[in-house]
Amino acid sequence: MSDLHTYSSDVAFTPAVKSIQTRKGSRDAYADAEQRGWRTEIDANLAGFLAETNSLYFSTASADGQPYIQHRGGPKGFVKILDKNTIAFADYSGNRQYITQGNLSENPKAYIFVMDYAHRRRVKIWGEARVVDDDPALVQSLMPQGYKARPEQVILFRISAWDTNCPQHIPQKFDAADVAAALATRDGRIAELEAALKGGVSSGQPL
């Protein structure tokens, strides 16, 4: 967290934001919340959340403030925890526009937004990031085993603050793989029941 921040939430609640909160009547509530502070280290809750994450949105901005958001995904747990303040993930070869890398070369401030639609949860993470493209060993250590993608580099993200949101307005959605697994389990149980019923009829046992 920057030395200019009195509270960890100041990474988002700038003077301009606080002025609007005051004008619209929410400043007192957030003033109480900022005393408690947003979390600045990875705890068990965040670690568990990231372990189940297979998709996130990664935001950067150019030196003149032009924002850019990019999707990053992989198998569950593709985001790795390196220490209590640092997460990282292998960055796969894509369309080779390199907008994120260009932005980070002149402005390290970054933001990660993670949605868990199935459980209607979201996590917001502020921090600074950098690209590591000259450490093959690090790249391989972060590459999910068996995942069919070509890793090109690593994104290292140092957390300044993180917070969660309420589930309001989050639509509930499920991954296709999870739905397929649930349907397969259901169909298996139906098949077992049908087999048991047929067995009972053929043996003359009462159903």
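Model, not experiment: these values are computed from the prediction.

**Some points on the nonpolar core**
- Core analysis: the biggest nonpolar cluster contains 32 residues, and Phe58 and Phe157 have the highest contact counts within it.
- Broken down by secondary-structure element, the contributors of at least two residues to this core are helix H3 (44–51), strand S1 (55–61), strand S4 (86–92), strand S5 (109–116), strand S6 (121–132), helix H5 (136–142) and strand S7 (151–164).
- With six residues, S7 is the largest single contributor of residues to this core.
- Setting aside residues up to four positions removed in sequence, phenylalanine 157 forms contacts with Phe58, Asn85, Thr86, Ile87, Ala110, Tyr111, Ile112, Ile125, Trp126, Gly127, Glu128 and Ala129.
- Ala12, Phe13, Trp38 and Trp126 belong to the second-largest nonpolar core, a separate cluster that totals five residues.

**What about a nonpolar patch on the surface?**
- Judged by side-chain polarity, Phe174, Val179 and Leu183 come together as a nonpolar surface patch covering roughly 260 Å² of accessible area.
- Among the structural elements, phenylalanine 174 can be located in the loop between S7 and helix H6 (176–203).

**Observations concerning the sheet that holds S7**
- Sheet architecture is open: seven strands sit in the order S2-S1-S5-S6-S7-S4-S3, paired in antiparallel fashion. Pairing within the sheet leaves two strands with one partner each, and these edge strands are strand S2 (67–73) and strand S3 (80–83). Each neighbouring strand pair of the sheet contributes to a mean axis angle of 35 degrees, computed without reference to strand direction.
- Here S1 runs beside S5; their pairing, made up of three bridges, is antiparallel. Bridging from a neighbouring strand, serine 59 pairs with tyrosine 111 of S5.
- Across the sheet, H3 touches S3, S4, S5, S6 and S7, and the angle it forms with S6 is around 80 degrees.
- Here helix H4 (residues 99–106) sits on the sheet and contacts S1, S2, S5, S6 and S7; the angle it forms with S1, its principal contact strand, is near 45 degrees.

Calculation criteria
Residues numbered from 1 in each chain as written. Predicted model: local features only at pLDDT ≥ 70, side-chain atom pairs only at ≥ 80, totals over all residues. Heavy atoms only, no water. Core = buried A, V, L, I, M, F, W, Y, C linked by side-chain atoms within 4.5 Å. Buried < 20%, exposed > 50% of the residue type's maximum accessible area, 1.4 Å probe, protein only. Helix = DSSP H or I, 4+ residues; strand = E, 2+ residues; numbered from the N terminus. Contact = heavy atoms within 4.5 Å. Patch = residues over 30% accessible without salt bridge, like charges linked within 9 Å, V, L, I, M, F, W, Y side chains within 5 Å. Areas by Shrake-Rupley, 256 points an atom, 1.4 Å probe, with all protein chains shown as cover. Salt bridge = Lys/Arg side-chain N within 4 Å of Asp/Glu carboxyl O. Pairing = 2+ DSSP bridges. Axes fitted to C-alpha atoms, helices over the stretch in contact; angles between N-to-C directions.

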